[in-house]
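# Close look at the chain arrangement
Below, each chain spelled out in residue letters.
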Amino acid sequence: MTVPAQAAPDVVAALAPTGALRAVINLGNPVLAQGTPEAPSGVTVDLARELARRLGVAAHLECVDAARLSFAAVAEGRVDVGFLAVEPERAAQVAFTAPYVLIEGVFAVPEGSPVRAADDVDRPGVRVGVKQGSAYDLFLTRTLQHAQVVRGADGTVAFEEHGLEVAAGIRQPLTRYVAEHPGLRVVEPRFTEIRQAVATGRDRDPVAVAWLRDAVAELTVDGFVAESLARSGQDATVPSAG
């Protein structure tokens, strides 16, 4: 699979109808994006700029602080691409590429908690703090049968504000949170693997969506994604070819 250096005109027109590739960047996920709205950085910024380069257009970046805002921007057509976790609820409204990075969702609990493994969380009386609209919010809302999901600005914020039994989050920032708050521990193993992909509107030309999928797959397997993650100091799994 080799994506041509310059995309065909119909692909450019479909993916960048304004003459620029409008991409939404979620600064609320520190594995994927860092910096400020004025000077964002990270793997999603690098991907957006590389996709724009291959389309032969400029990249216009819109920064938000939550995945739900990224999803809304893509689903409503206010941007051309976004960087989202693959979830069935989202896939009904946007088209996804294959994942370019895999991130783990984990729980944190007080040291004395009876929760010893991820499967122990789904019990009556257990309340789990999540970031509203995040991939793990959607996953836990779909899969938990007994525990209660409590949403907030972040899983740890809800955990603190409401005195919850469990906090949920992405492994890297939640591990840092635990290290900074004695008396807490991360629960092993992970409760989900979050598959981060590039998303575009379902109304885009299928030829353009196919080009986007091929381009992202190429950037995933040729080392571009891994090198970008390393530059930004992030430790995350990049899917292998196939």
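This section reports on the structure supplied with the text. (Residues numbered from 1 in each chain as written. Predicted model: local features only at pLDDT ≥ 70, side-chain atom pairs only at ≥ 80, totals over all residues. Heavy atoms only, no water.)

### As for the overall build of the chain
Secondary structure assignment for the chain yields nine helices and 11 strands. For 242 residues, the compact-globule formula gives about 18 Å, and the C-alpha radius of gyration of the chain, at 19 Å, lands near that figure. In terms of principal-axis extent, the alpha carbons of the chain reach across some 60 × 35 × 35 Å. Taking all 242 residues of the chain together, 54% fall into the buried category. Summed over its atoms, the accessible surface of the chain is roughly 10,700 Å², and 52% of this surface lies on carbon and sulfur atoms. (Helix = DSSP H or I, 4+ residues; strand = E, 2+ residues; numbered from the N terminus. Rg over C-alpha atoms; globule rule 2.2 N^0.38 Å. Buried < 20%, exposed > 50% of the residue type's maximum accessible area, 1.4 Å probe, protein only. Areas by Shrake-Rupley, 256 points an atom, 1.4 Å probe, with all protein chains shown as cover.)

### Here's the deal with helix α7 (residues 171–180)
Taken together, the buried positions of α7 are occupied by Arg171, Gln172, Leu174, Tyr177 and Val178. Looking at the packing, one finds that the buried side of α7 touches β7 (101–110), α6 (155–162), β10 (166–170) and β11 (184–201). (Contact = heavy atoms within 4.5 Å.)

### Here we look at the nonpolar core
Grouped together as the largest cluster of nonpolar side chains are 58 residues, with contacts concentrated most on Leu55, Tyr100, Phe107, Val128, Leu140 and Trp211. Ranked by residue count, the leading element in this core is helix α2 (residues 43–55), at seven residues. (Core = buried A, V, L, I, M, F, W, Y, C linked by side-chain atoms within 4.5 Å.)

### Considerations on the pairing of strand β5 (residues 81–85)
Looking along a regular strand, one sees the side chains alternate between the two faces of the sheet. Burial within β5 is extensive, with five of its five residues counted as buried. Taking every second residue as pointing to the same face, both faces of β5 are buried, with Val81, Phe83 and Ala85 on one and Gly82 and Leu84 on the other. Here strand β1 (residues 20–26) runs beside β5; their pairing, made up of two bridges, is parallel. Note on β5: the bridge partner recorded for valine 24 is glycine 82. Pairing between β5 and β11: four bridges, direction antiparallel. The residue bridging alanine 85 from the neighbouring strand is glutamine 196, located in β11. (Pairing = 2+ DSSP bridges.)

### Topic: the pattern of salt bridges
Any two side chains of opposite charge can pair, on the condition that their charged atoms come close. For the structure on display, the rule yields 18 salt bridges. Between aspartate 80 and arginine 22 there is a salt bridge whose closest N-O contact spans 2.8 Å. One end of the pair, aspartate 80, is in the loop between α3 (67–75) and β5; the other, arginine 22, is in strand β1, with 58 residues separating them in the sequence. Take aspartate 80: its relative accessible area is 0%, and that puts it in the buried class. (Salt bridge = Lys/Arg side-chain N within 4 Å of Asp/Glu carboxyl O.)

### Observations regarding the packing of α2 against helix α9 (residues 224–231)
With their axes 9 Å apart at the nearest point, α2 and α9 run at an angle of 135 degrees to one another. Relative to α9, the element α2 lies oblique. Where α2 crosses over α9, the handedness of that crossing is right-handed. Side by side, α2 and α9 meet where Val43, Asp46, Leu47 and Glu50 of the first sit next to Phe224, Val225, Ser228, Leu229 and Arg231 of the second. Residues of the contact of α2 with α9, tallied by class, amount to five nonpolar, one polar and three charged. (Axes fitted to C-alpha atoms, helices over the stretch in contact; angles between N-to-C directions. Parallel < 35°, antiparallel > 145°, perpendicular 65-115°, else oblique. Left-handed = near helix turned anticlockwise from the far one by under 90°. Nonpolar A, V, L, I, M, F, W, Y, C, P; charged D, E, K, R; others polar.)

### As for α9
For α9, the full list of buried residues reads Phe224, Val225, Ser228 and Leu229. One side of α9 holds all its buried residues, which, seen down the axis, span an arc of 130 degrees. Turned more than 90 degrees off the buried face of α9, the exposed positions are Ala230 and Arg231. Where α9 is buried, its residues meet α2, β7 and α8 (206–221). In the segment just after α9, glycine 233 is the residue with positive phi, at about 75 degrees. (Arc of directions from axis to C-beta.)

Purely geometric stuff here, so don't read any function into it on its own.
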